[in-house]
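Observations on the model geometry
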Amino acid sequence: MTGKLLASFIVLSSLIMGVSIYYLQVYAYYEEVTPEMSGGVMLLPLDSDTSKAIEFTEFQGINGTSSPIRYRACFQLSETVEQLKAQYQAYPQAEPLTAPGWFECYDSRRVGAALETGEAMAFLSQHEVADGVDRVIAVFPDGQAYAWHQLNEKYAE
């Protein structure tokens, strides 16, 4: 009887720990953010070191308190990719990071594939939003845009 009780305790403890770790990774440290909370939507002009605010609509964003690379956002731009390309710095090493499944507007696989094929183009939003972290924005021809934070050259492998 003691062996069954001990085995039950171990299984139950493992199950509780697994559920807790899953919850902490996927839900606990994220919060929805407004454009004002995240600094708005900005791009870095070709001739400047200071990012400039641009117009956007339909903003949805999340950020995490546990890491500077948990930021994700989706929004709509009125300017075309060609207009943006003429004014703002491209970001050729863009690699969209995944988002929690419950943040449905952001699809890193779609964005990554579109960047590889040239369907979408990535721009530098802000350099060093945190130590070694850049904010990147990928823009599709229809103006749909996605933003995330990624490690920059400071922490390149």
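Please refer to the structure higher up on the page.
A brief structural summary. Since this is a predicted model, take the numbers as computed values, not measurements.

A few words now on a nonpolar patch on the surface. A contiguous nonpolar surface patch, about 510 Å² in accessible area, is contributed by Tyr22, Tyr23, Leu24, Tyr27 and Tyr29. Examined against the element boundaries, tyrosine 29 turns out to sit in the loop between helix 1 (2–28) and strand 1 (30–33).

Now for the pattern of salt bridges. This model, assessed by the stated rule, comprises two salt bridges. Between lysine 85 and glutamate 82 there is a salt bridge, and its shortest N-O distance comes to 3.6 Å. Of the two residues, lysine 85 and glutamate 82 both sit in helix 2 (residues 81–87), three residues apart, roughly one turn of that helix. Residue classification places glutamate 82 among the exposed positions, given a relative accessible area of 53%. A salt bridge links lysine 154 to aspartate 131, with the shortest nitrogen-to-oxygen separation between them at 2.3 Å. Linking lysine 154 in the segment after strand 8 (144–151) with aspartate 131 in the loop between strand 6 (121–130) and strand 7 (133–139), this pair joins segments that are 23 residues apart in sequence. What makes aspartate 131 partly exposed here is its relative accessible area of 46%.

The next thing to look at is helix 3 (residues 108–117). Among the residues of helix 3, Ser108, Val111, Gly112, Ala114 and Leu115 are the ones counted as buried. For helix 3, the arc enclosing every buried residue in end-on projection is 165°, short of the 170-degree limit, so these residues lie on one face. Residues of helix 3 that are exposed and angled more than 90 degrees away from the buried face: Arg109, Glu116 and Thr117. Turning to helix 3, the residues buried within the fold contact strand 6, strand 7 and strand 8. Positive phi shows up at glycine 118, right after helix 3, with a value of about 90°.

This part takes up the environment of isoleucine 21. Position of isoleucine 21 relative to the elements: it lies in helix 1. C-alpha separation for the pair isoleucine 21 and alanine 94, spaced 73 residues apart in sequence, amounts to 29 Å.

This paragraph deals with the packing of aromatic side chains. Inspection of the entire model under this criterion finds seven aromatic pairs. Aromatic side chains phenylalanine 59 and phenylalanine 75 sit 6.1 Å apart centroid to centroid with 15° between the ring planes, which places their arrangement in the stacked category. Taken together, the positions of phenylalanine 59 in strand 4 (residues 56–64) and phenylalanine 75 in strand 5 (residues 72–77) put the pair 16 residues apart, joining distant regions of the chain. Taking relative accessible area as the criterion, phenylalanine 59 reaches 17% and is therefore assigned buried. Among the aromatic residues, those joined into a ring-pair cluster are Tyr30, Trp102 and Phe103. It is arginine 110 that lies over the ring of phenylalanine 140; its NZ or CZ is 4.1 Å from the centre. Sitting over the ring of tyrosine 71, arginine 135 keeps its end group 3.9 Å from the ring centre.

Calculation notes
Residues numbered from 1 in each chain as written. Predicted model: local features only at pLDDT ≥ 70, side-chain atom pairs only at ≥ 80, totals over all residues. Heavy atoms only, no water. Patch = residues over 30% accessible without salt bridge, like charges linked within 9 Å, V, L, I, M, F, W, Y side chains within 5 Å. Areas by Shrake-Rupley, 256 points an atom, 1.4 Å probe, with all protein chains shown as cover. Salt bridge = Lys/Arg side-chain N within 4 Å of Asp/Glu carboxyl O. Helix = DSSP H or I, 4+ residues; strand = E, 2+ residues; numbered from the N terminus. Buried < 20%, exposed > 50% of the residue type's maximum accessible area, 1.4 Å probe, protein only. Arc of directions from axis to C-beta. Contact = heavy atoms within 4.5 Å. Phe/Tyr/Trp six-rings, centres within 6.5 Å; stacked < 30°, edge-to-face > 60°. Lys NZ or Arg CZ within 6 Å of the ring centre and 35° of its normal.

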